Amino acid sequence: MRRLPRPGRSDSVTGGGVAHRLLAGALAGAAGTAAMTATGRAYREVYARRRGKHPSEITEILDYDDSDHVVVAASTLLRTVSGRAPESAGGRRALFWLVHWGYGSAVGAAHAELRHRLGEPTAGVAFFVGCQTMALSLFPVLGDTPLPWRWTARLMTVSVLQHVVYAAAVAGADAALDHGER
């Protein structure tokens, strides 16, 4: 069943149409990525402080979304498509940040479309479930992580909480950008 556009919403490509909505969603995705990055950094600092260490001394994985598994997944795709993937530490770090910000920003466009079609809070819940499902499936398939039911309780909790932060920040930024256009 196709939903009709909500009152006050334009479907033209200009003035609030699809292209504008998806661009605003990508900007909201960048805001969500920034929030997730900030909370991940704060968690790493607290975790390190509680162990009497500097954050750079923490070698264990605290969140698969903030680990080399992102590079493993991206490299798997790059090798499949182009036959090559970065091997140097600098190249792998650059790939991590490209995927982290690029993927996080692009996925935000999905929230904008969901909100347009479903409204809130349904769009926010569906967006969170989709993001968490991607994390639980893409990392084992492409990123060489254990299957989700073998993740430690701490890793699963951090993953869920980080995706709650991301989804909430995306939804908030998306609503603010939409409100600013009205």
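What you are looking at is a predicted structure, and each value in this text was computed from that prediction instead of being measured.

Asks: Please explain the overall build of the chain as it appears in this structure.
Replies: Counting its secondary structure elements, the chain contains five helices and zero strands. Expressed as a percentage of its 182 residues, the buried residues of the chain come to 37%. Within the chain, counting contacts between residues at least 6 apart in sequence, those at least 24 apart form 69% of the total. As presented, the chain carries roughly 10,400 Å² of accessible surface, and 65% of it is formed by carbon and sulfur atoms.

Asks: Would you mind showing me how to read a nonpolar patch on the surface here?
Replies: Taken together, the side chains of Leu23, Leu27 and Leu177 define a hydrophobic patch exposed on the protein surface, amounting to about 280 Å² of accessible area. Along the chain, Leu27 falls in helix α1 (residues 18-50).

Asks: Help me understand the nonpolar core in this model?
Replies: For soluble globular proteins, nonpolar side chains are generally found buried alongside one another. If you look at the biggest cluster of nonpolar residues, it comprises ten residues: Tyr64, Val70, Val71, Ala74, Leu95, Phe96, Ala135, Phe139, Trp151 and Leu155. For this core, the secondary-structure elements that each account for two or more residues are α2 (68-82), α3 (89-118) and α4 (122-142). Sequence-distant contacts of Val71, defined by excluding residues within four places in its chain, comprise Arg92, Leu95 and Phe96.

Asks: Whenever I open this one, the layout of surface pockets confuses me. Can you help?
Replies: One way to see where empty space is left: roll a probe the size of a water molecule over the atoms. Computed from the structure, the largest pocket encloses a volume of approximately 530 Å³. Contributing to the lining of the largest pocket are 26 residues, with Arg44, Asp66, Ser67, Arg93 and Phe96 lying nearest its centre. Secondary-structure elements contributing two or more residues to the lining of the largest pocket are α1, α2 and α3. Per-class residue counts for the lining of the largest pocket are nine nonpolar, seven polar and ten charged. A volume near 450 Å³ is recorded for the second largest pocket.

Asks: I keep staring at the pattern of salt bridges and nothing clicks. Help me out?
Replies: Close approach of charged atoms lets side chains of opposite charge pair. Evaluated as defined, the whole model comprises six salt bridges. A salt bridge links Arg117 to Glu113; its shortest N-O distance comes to 2.7 Å. With Arg117 and Glu113 both in helix α3, this residue pair falls four residues apart, about one helical turn. Residue Glu113 is classed as buried on the basis of its relative accessible area of 18%.

Asks: How should the side chain of Ser75 be read in this particular structure?
Replies: With respect to the element layout, Ser75 can be found in helix α2. Leaving out residues up to four positions away in the same chain, Ser75 has contacts with Ala85, Pro86, Arg92 and Leu95.

Asks: Sorry if this is basic, but what is going on with the packing of α3 against α4 here?
Replies: Packed helices, taken two at a time, are described by the angle between their axes plus the distance between the axes. At a minimum axis separation of 8 Å, α3 and α4 run at an interaxial angle of 145°. Seen along the crossing, α3 lies across α4 with a hand that is right-handed. Contact residues: Tyr103, Val107, Gly108, Ala110, His111, Leu114, Arg115 and Leu118 in α3; Thr122, Ala123, Gly124, Ala126, Phe127, Cys131, Met134 and Leu138 in α4. Taken together, the residues that form the contact of α3 with α4 break down as eleven nonpolar, four polar and one charged.

Asks: Sorry, what's going on with the confidence of the model for the chain here?
Replies: A low pLDDT means the predicted coordinates there should not be read in detail. Mean pLDDT over the chain stands at 88; residues scoring 70 or higher make up 89%. Per-element confidence in the chain ranges from a low mean pLDDT of 91 for helix α5 (residues 153-181) to a high of 95 for α1.

Asks: Just to check I follow, could you spell out the packing of aromatic side chains for this structure?
Replies: Here a ring pair, both rings aromatic, is described through the centre-centre distance and the interplanar angle of the planes. Within the structure shown, the criterion is met by five aromatic pairs. Summarising the aromatic geometry, the rings of Phe96 and Trp97 are spaced 5.0 Å apart at their centres and angled 85° between planes, so their arrangement reads as edge-to-face. Residue Trp97 is classed as partly exposed on the basis of its relative accessible area of 29%. Through a chain of ring-to-ring contacts, three or more aromatic side chains come together here, namely Tyr64, Phe139 and Trp151. The residue whose ring lies beneath Arg51 is Tyr47, and the NZ or CZ to ring-centre distance is 3.5 Å.

Asks: Honestly, the side chain of His163 in this entry has me stumped. Any pointers?
Replies: Examined against the element boundaries, His163 turns out to sit in helix α5. If we ignore the near neighbours within four places in the chain, the residues touching His163 are Met36, Asp65, Phe128, Cys131, Gln132 and Ala135.

Criteria and cut-off values
Within every chain, residues take consecutive numbers counted from 1 along the sequence as written. Side-chain atom pairs in this predicted model are given and counted only at pLDDT of 80 or more, local residue features only at pLDDT of at least 70, and totals for whole chains, interfaces and linings cover all residues. Heavy atoms throughout the structure, all of them, feed into the side-chain values; hydrogens and water do not. Starting at the N terminus, helices and strands are each numbered in turn, a helix being any DSSP run of H or I of at least four residues and a strand any DSSP run of E of at least two. Only protein chains enter the area calculation, which uses a 1.4 Å probe; residues under 20% of their type maximum are buried, those over 50% are exposed, and those in between are partly exposed. Should any heavy atoms of two residues lie within 4.5 Å, those residues are considered in contact. Computed with the Shrake-Rupley method and a 1.4 Å probe, the accessible areas treat only the protein chains shown as cover for residues. Only residues whose relative accessible area exceeds 30% and that form no salt bridge are eligible for patches; like-charged ones are grouped when within 9 Å, while nonpolar side chains (Val, Leu, Ile, Met, Phe, Trp, Tyr) are grouped when within 5 Å. Salt bridges are counted wherever a side-chain nitrogen of Lys or Arg sits within 4 Å of a carboxyl oxygen of Asp or Glu. By convention a nonpolar core is built from buried Ala, Val, Leu, Ile, Met, Phe, Trp, Tyr and Cys residues, the set being connected through side-chain atoms within 4.5 Å. Residues are said to line a cavity or pocket when one of their atoms sits within 4 Å of a point; the points come from a 1 Å grid over protein atoms alone, cavities being sets where a 1.4 Å probe fits but cannot get out and pockets being open sets with protein on both sides within 12 Å along at least five of seven lines. Grid points are joined across faces, edges and corners, and a volume is the space filled by probe spheres set on the points. Each residue receives one of three labels: charged for Asp, Glu, Lys and Arg, nonpolar for Ala, Val, Leu, Ile, Met, Phe, Trp, Tyr, Cys and Pro, and polar for the others, Gly being one of them. To get an axis, a line is fitted to the C-alpha atoms, and for a helix only the part in contact is used. The angle between two axes follows their N-to-C directions and goes from 0 to 180 degrees. Throughout, a crossing is termed right-handed when the near helix is turned clockwise from the far one, and left-handed when it is turned anticlockwise from it by less than a right angle. Within a predicted model, pLDDT stands for the predictor's per-residue confidence, ranging from 0 to 100. Only the six-membered ring of Trp is used, alongside the rings of Phe and Tyr, when aromatic pairs are assigned; centres must lie within 6.5 Å, and planes under 30 degrees apart are stacked while those over 60 apart are edge-to-face, with the rest tilted. Charges are assigned to positions over rings by a cutoff of 6 Å between ring centre and Lys NZ or Arg CZ, combined with an angular limit of 35 degrees from the ring normal.

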